[in-house]
Amino acid sequence: MATTIPPWPHRPGGPHVDGLTPGEPDGRPATFSLLAGVWLTDHDRRHRGNLWVWPGTHLRFGQYLADRGAGALTRVEEMNPGPYPKIELGEPTQAIGSAGSVLFAHYLLAHNIGDHEGAAAEGRRETVYYRLHASGHRDRWREVVTDPLAEFQ
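As a starting point, this report considers the structure included with it. Keep in mind that what you see is a predicted model, and the values were worked out from it rather than measured. (Residues numbered from 1 in each chain as written. Predicted model: local features only at pLDDT ≥ 70, side-chain atom pairs only at ≥ 80, totals over all residues. Heavy atoms only, no water.)

1. Some remarks on the pairing of strand β3 (residues 51-54)
A regular strand carries its side chains on alternate faces of the sheet.
In step 1: Side chains of β3 alternate between two faces, with L51 and V53 and W52 and W54 buried alike.
In step 2: Both β3 and strand β6 (residues 110-113) contribute to a ladder of four bridges, which runs antiparallel. Opposite W52, over in β6, you have N112 as the bridge partner.
In step 3: Here β3 runs beside strand β4 (residues 93-94); their pairing, made up of two bridges, is antiparallel. (Buried < 20%, exposed > 50% of the residue type's maximum accessible area, 1.4 Å probe, protein only. Helix = DSSP H or I, 4+ residues; strand = E, 2+ residues; numbered from the N terminus. Pairing = 2+ DSSP bridges.)

Dropping the structure here:
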């Protein structure tokens with residue numbers, strides 16, 4: 001579960017990708033197919049601990065990995081800060097919606113926690129995240145990260 005307790009002044013300067021540190025015991029990155037976030041509280045106003053996302057970055061990150069090989073995910077030092085590679089990010093947007101909504105995000109989508117400008121009495125933002133794996137994902141993770149739509153066809 002992820003929470004953001006106000007006030008939280010963090011404005012994300014850049015994004016990250018989950019599952020790189022720590023990775024799996026066998027040394028591979030802890031990739032997955034889809035991130036599902038269930039909002040336990042309202043996220044209906046901006047700057048209230050919302051998740052920030054950079055639309056389209058999952059495709060650009062996939063191209064980055066296609067050019068360098070899936071093993072580039074294990075070279076975190078090449079993706080600092082973040083970890084996220086130096087690719088065109090575009091403008092971020094804050095995910096908004098009401099409690100009970102579900103956010104689905106591709107594994108490679110650039111994202112980060114946002115600021116919470118509310119007062120302490122306003123309450124915290126709460127989200128439960130699940131890392132979903134398509135059947136056979138672990139066996140073909142290299143293909144999946146270099147072809148971001150492979151599991152969605």
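So that's the structure; there's more coming.
2. Section: the sheet that holds strand β7 (residues 125-132)
In step 1: Spatial ordering of the open sheet is given by β1-β7-β2-β5, a layout of four strands whose pairing is antiparallel. Only two strands of the sheet have a single partner each, and these edge strands are β1 (2-4) and β5 (102-106). Sheet twist, expressed as the average angle between the axes of neighbouring strands with direction ignored, equals 25°. (Axes fitted to C-alpha atoms, helices over the stretch in contact; angles between N-to-C directions.)

3. What about the environment of W54?
In step 1: Topologically, W54 is positioned in strand β3.
In step 2: Leave out the neighbours within four places in its chain, and W54 touches P12, G14, P15, L89, G90, E91, P92, L109, A110, H111 and N112. (Contact = heavy atoms within 4.5 Å.)

4. A look at the packing of aromatic side chains
In step 1: Counted under the stated rule, the structure contains three aromatic pairs.
In step 2: Ring plane angle 75° and centroid distance 4.7 Å describe the contact between F32 and Y107, whose orientation is recorded as edge-to-face. With a gap of 75 residues between them, F32 in the loop between β1 and β2 (34-39) and Y107 in the loop between β5 and β6 connect regions that are remote in the sequence.
In step 3: Judged by relative accessible area, which is 2%, F32 ranks as buried. (Phe/Tyr/Trp six-rings, centres within 6.5 Å; stacked < 30°, edge-to-face > 60°.)

5. Things to note about a nonpolar patch on the surface
In step 1: On the surface, V102, F104, Y130 and L132 cluster together into a nonpolar patch covering about 390 Å² of accessible area.
In step 2: Listed by contribution, the elements that provide at least two residues to the nonpolar patch are β5 and β7.
In step 3: Inspection of the secondary structure puts V102 in strand β5.
In step 4: Under the relative-accessibility criterion, V102 is labelled partly exposed at 39%. (Patch = residues over 30% accessible without salt bridge, like charges linked within 9 Å, V, L, I, M, F, W, Y side chains within 5 Å. Areas by Shrake-Rupley, 256 points an atom, 1.4 Å probe, with all protein chains shown as cover. Salt bridge = Lys/Arg side-chain N within 4 Å of Asp/Glu carboxyl O.)

No statement about biological role is implied by the geometric values presented.
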